[in-house]
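Breakdown of the fold
Listed below, chain by chain, are the residues.
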Amino acid sequence: MESSRVFADRALEDNVAVVTGGGTNLGKAAAYELARCGASVVIVGRRGDVLEEAVGEIGGSCSSIAGDIRTQQGAEEIVRAVLERHGRVDFLLNNAGGQYFVPAEGIATKGWRAVQRLNVDGTIAMCRAAHDVAMLPAGGGTIVNVTVSPHHGMPAMAHTGAARAAVEALTKELATDWAPDQVAVTAIALGRFATESLRKYPAELWRRAAASVPLQRLGTLEEYGWLVALLASPLGRVFSGSIVTFDGALDNWSGPWPHPDLTRDGEVPTEERPPVA
């Protein structure tokens with residue numbers, strides 16, 4: 001396995017990491033980086049064939065468990081299976097999530113519940129299972145939840161905006177409640193990334209998505225993996241209770257950047273200042 005471009009090869013040696021939604025896209029990228037850093041990684045999802053393919057790509061000490069995170073029983077079965085295999089769970093990345101494009105007035109009750117069940121119920125269930133079954137008996141651990149940015153509203157995404165806001169509130173609450181148990185809980189608010197899912201949409205859509213980011217590009221899967229590995233490290237524990245907004249300043253802006261009213265010949269003007277004496 002190739003080395004990480006940021007971390008030492010054995011930075012997470014002897015750590016066991018669980019990644020939900022680890023068979024594709026961002027989850028797979030995170031699992032790959034954790035494995036590069038020496039962790040034993042277990043990727044979780046509902047489709048066994050997808051997981052097996054991802055394990056083959058990642059290699060190293062990566063393995064998989066097919067299960068359903070949306071119920072407490074399913075989550076606990078996953079955590080117990082990891083304990084049987086590795087004896088511990090040091091790190092949980094609640095990466096699994098989903099949504100679909102629909103105007104707020106068009107959201108059906110069934111669709112709303114499906115998004116809430118995966119994003120909120122699944123996250124709560126895995127947090128509780130990891131804490132109660134693995135981390136509390138072991139004396140500590142780290143949990144990272146995944147939400148989305150921007151926080152000022154996303155057209156056609158009201159259902160997932162509500163779900164992710166709930167997860168951010170949950171993250172802060174659990175960070176306080178579980179601090180005496182030495183369990184750190186943090187969230188990553190992801191902006192717009194160059195995932196396989198985004199590339200399935202018309203090119204004009206993802207080009208506009210990139211143009212809306214002040215950094216003027218989409219995030220990369222590798223960059224996501226780097227942040228996850230950092231939060232899995234001992235340094236990551238000090239972020240407990242935080243929402244790490246990871247979006248190239250998207251949360252600070254709405255619309256194309258730079259705004260046409262701010263530009264001259266396509267460039268943002270610089271204020272002229274008198275020379276310093």
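That block above? That's the structure.
Residues numbered from 1 in each chain as written. Predicted model: local features only at pLDDT ≥ 70, side-chain atom pairs only at ≥ 80, totals over all residues. Heavy atoms only, no water.

**Comments concerning the environment of Ala158**
The criterion, for reference: Counting from the N terminus, the helices are the DSSP runs of H or I reaching at least four residues and the strands are the DSSP runs of E reaching at least two. Two residues qualify as a contact provided that any one of their heavy atoms is within 4.5 Å of a heavy atom in the partner residue.
Looking at the secondary structure, you find Ala158 in helix 5 (residues 158–177). Spatially, the C-alpha atoms of Ala158 and Gln99 are 9.6 Å apart, while their sequence positions differ by 59 residues. Leave out the neighbours within four places in its chain, and Ala158 touches Ala104, Ile107 and Trp112.

**Thoughts on the state of the cysteines**
Using the following cut-off: The criterion for a disulfide is a pair of cysteine sulfur atoms lying within 2.5 Å.
Taken as a whole and assessed by the stated rule, the structure comprises 0 disulfides. Unpaired in this structure, Cys37 has its nearest cysteine sulfur neighbour in Cys62, at a distance of 14 Å.

**Considerations on unusual backbone geometry**
Going by this rule: Burial classes: relative accessible area under 20% of the type maximum marks a residue as buried, over 50% as exposed, and values in between as partly exposed (1.4 Å probe, protein chains only).
In this chain, Ser149 is followed by Pro150 through a cis amide linkage whose omega measures 10°. In this structure, Pro150 sits in the loop between strand 5 (141–148) and helix 5. Although it is not a glycine, Asp14 sits at a positive phi angle of roughly 75°. Structurally, the position occupied by Asp14 is in the segment before strand 1 (16–20). Among the residues examined, Asp14 registers a relative accessible area of 62% and is labelled exposed.

**Let's talk about the side chain of Asp247**
Selection rule: Counted as positive: Lys and Arg. Counted as negative: Asp and Glu, with His and the chain ends omitted from the count. By definition here, a salt bridge exists when the distance from a side-chain nitrogen of Lys or Arg to a carboxyl oxygen of Asp or Glu is within 4 Å. Nitrogen and oxygen atoms within 3.5 Å of one another constitute a polar contact, given that in protein one can donate a hydrogen and the other can accept it, and given that sequence-neighbouring residues count only through two side-chain atoms.
Note on placement: Asp247 falls in the segment after strand 7 (243–246). Buried within the structure, Asp247 lacks any salt-bridge partner; its nearest side chain of opposite charge belongs to Arg192, at an N-O separation of 8.4 Å. A distance of 3.0 Å separates the side chain of Asp247 from the backbone nitrogen of Ala249, its partner in a polar contact. Within polar-contact distance, the side chain of Asp247 engages the backbone nitrogen of Asp251 at 2.7 Å. Ignoring sequence-local partners within four residues, the contact set of Asp247 consists of Ser149, Gly191 and Val213.

**Observations concerning helix 8 (residues 221–232)**
Here is the rule: By definition here, a helix of n residues has an expected span of 1.5 Å times n minus one.
A rise of 1.5 Å per residue sets the reference length of helix 8, with its 12 residues, at 16 Å; its end C-alpha atoms lie 17 Å apart and thus fit the reference within 8%. Turning to helix 8, its buried residues are Glu223, Tyr224, Gly225, Leu227, Val228, Ala229, Leu231 and Ala232. Buried residues belonging to helix 8 abut helix 1 (25–36), strand 4 (91–94), strand 5, strand 6 (183–190) and strand 7.

**Remarks on the nonpolar core**
One broad trend across soluble globular proteins is that nonpolar side chains are buried collectively. Quick note on the threshold: Only buried residues count toward a nonpolar core. Its members are Ala, Val, Leu, Ile, Met, Phe, Trp, Tyr and Cys residues joined through side-chain atoms within 4.5 Å.
One finds Leu34, Ile43, Leu93 and Tyr224 to be the most contacted residues of the largest nonpolar core, which totals 32 residues. Those elements giving two or more residues to this core turn out to be strand 1, helix 1, strand 2 (40–45), helix 2 (48–58), strand 4, strand 5, strand 6 and helix 8. No other element matches helix 8, which puts 6 residues into this core. Setting aside residues no more than four positions away along its own chain, Tyr224 makes contact with Leu26, Gly27, Ala30, Leu93, Asn95, Val146, Ile188, Leu190, Phe193 and Phe246.

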